[in-house]
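Chain by chain, the residues:
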Amino acid sequence: MTTNFNELLETFHGYLATVDNTLVRDAVTRIAWDMPARALEPHPLACLSHLDRAVELAPPDAKPLVRFVADRRSDLRWGQTYSETDFGKAFIDNYGWLEVLGMRGHFANDAVAAGLLILGPDIVYPDHHHVAEEIYVPLTGGTEWRMGDGGFRARDAGEVIHHASNVNHAMRTGREPLLALYIWRGGPLAAKSTITGTVAQGRA
Ligand SMILES: [Fe+2]
């Protein structure tokens, strides 16, 4: 099945254009937005059930994007980089991403990968790092993020979080799920992260 996902790319781009941040503006400017679409088979995941709550939690600027993705969830190709042996079953049942653009996404781009990440409530995404530089914009608030030797810090929806190349980072959700927009650039764009954190799920 092929679906015209131009609206996905337009809504994604439209949200990014509202983010008032130098790093995001620079990334958005460098992306050639007239990318060719790929015909991808849909691939749903268990974590998609969290999208309904994400629509409720998303701030007004992000709502059109979150609503589009929630409405069309079963037409989109969702992926997972990890398996149950990495972080356990609770993680795998509550984790997934949608690559909007990139080497394997709905739109073809060899220089940048960008999309959306879902984490369910009470999930720890342990310390990991990768060569690519990563920019996150959470579309739901309440998740705690850490980088390097720093502690966990709660971040609001719309805050921009920058993970520099090869610096350890981790996230943990609380009562609410996380939906976050990500941009990966400057490294192998489909590489699996190097995991350095512990795999125990649930909050201490
Ligand atoms: Fe990362």
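The coordinates are above.
Not measured: the values here are computed from a predicted model.

A. How the structure looks around the coordination of the iron ion. Protein-derived ligands of the iron ion are H130 (NE2), E134 (OE), E134 (OE) and H169 (NE2), with the metal-ligand distances lying across 2.2 to 2.7 Å. Each of the four donor atoms bound to the iron ion contributes to angles spanning 51 to 134°, and the resulting shape is irregular. Donor residues for the iron ion sit on one chain with the sequence pattern H-x3-E-x34-H. Here the residue H130 occupies a position in the loop between strand 5 (124–129) and strand 6 (133–138), and H169 occupies one in strand 10 (residues 169–172), the gap between them amounting to 39 residues.

B. Structural detail: the nonpolar core. With 42 residues, the main nonpolar core has F12, W33, V69, W78, L101, L116 and L181 as its most contacted residues. Broken down by secondary-structure element, the contributors of at least two residues to this core are helix 1 (6–18), helix 2 (22–30), helix 3 (51–57), helix 4 (63–71), strand 2 (95–102), strand 4 (112–119), strand 6 and strand 11 (178–185). Discounting chain neighbours no more than four positions away, the residues touching W78 are H43, P44, L45, L48, L51, V69, R73, W97, L98 and I118. The next biggest cluster of nonpolar side chains, apart from the first, holds 21 residues, and it includes Y82, L119, Y125 and W145.

C. Looking closely at the sheet that holds strand 7 (residues 143–147). Read from one edge of the open sheet, five strands run 8-7-10-5-12, paired in antiparallel fashion. Looking at which strands have only one partner, the edges of the open sheet turn out to be strand 8 (153–155) and strand 12 (194–195). Bridge analysis of strand 7 against strand 10 gives four bridges, and the strand direction is antiparallel. Its bridge partner lying in strand 10, E144 is registered against R172.

D. The environment of L51, seen in detail. By secondary structure assignment, the location of L51 is in helix 3. Residue L51 is classed as buried on the basis of its relative accessible area of 0%. Through-space distance from the C-alpha of L51 to that of R73 is 8.5 Å; in sequence the pair is 22 residues apart. If we skip the residues at most four places from it in the chain, L51 touches V69, A70, R73, W78, I118 and L179.

E. Geometry of helix 2. Where helix 2 is concerned, the buried positions are V24, A27 and V28. End-on, the buried residues of helix 2 take up no more than an arc of 100°, which puts them together on one face. Exposed and facing more than 90 degrees away from the buried side of helix 2 are T22, T29 and R30. Structurally, the start of helix 2 carries an N-cap: the backbone nitrogen of L23 is 2.9 Å from a side-chain oxygen of N21.

F. View of the pairing of strand 6. The buried count for strand 6 comes to six of six residues, which makes it a mostly enclosed element. Here strand 6 shows two buried faces, one formed by E133, I135 and V137 and the other by E134, Y136 and P138. Pairing between strand 6 and strand 11: six bridges, direction antiparallel. By the bridge assignment for strand 11, P138 is matched with A180. Judged from the three bridges that link them, strand 6 and strand 9 (residues 161–163) form a sheet pairing that is antiparallel. Within strand 9, the residue paired with E134 across the bridge is H163.

Parameters and conventions
- Residues numbered from 1 in each chain as written.
- Predicted model: local features only at pLDDT ≥ 70, side-chain atom pairs only at ≥ 80, totals over all residues.
- Heavy atoms only, no water.
- Donors = N, O, S within 2.8 Å, 3.2 Å for Na, K, Ca; no water.
- Tetrahedral: all angles 85-135°; square planar, octahedral: opposite > 155°, others 65-115°.
- Helix = DSSP H or I, 4+ residues; strand = E, 2+ residues; numbered from the N terminus.
- Core = buried A, V, L, I, M, F, W, Y, C linked by side-chain atoms within 4.5 Å.
- Buried < 20%, exposed > 50% of the residue type's maximum accessible area, 1.4 Å probe, protein only.
- Contact = heavy atoms within 4.5 Å.
- Pairing = 2+ DSSP bridges.
- Arc of directions from axis to C-beta.
- Polar contact = N/O pair within 3.5 Å; in protein donor to acceptor, adjacent residues only side chain to side chain.

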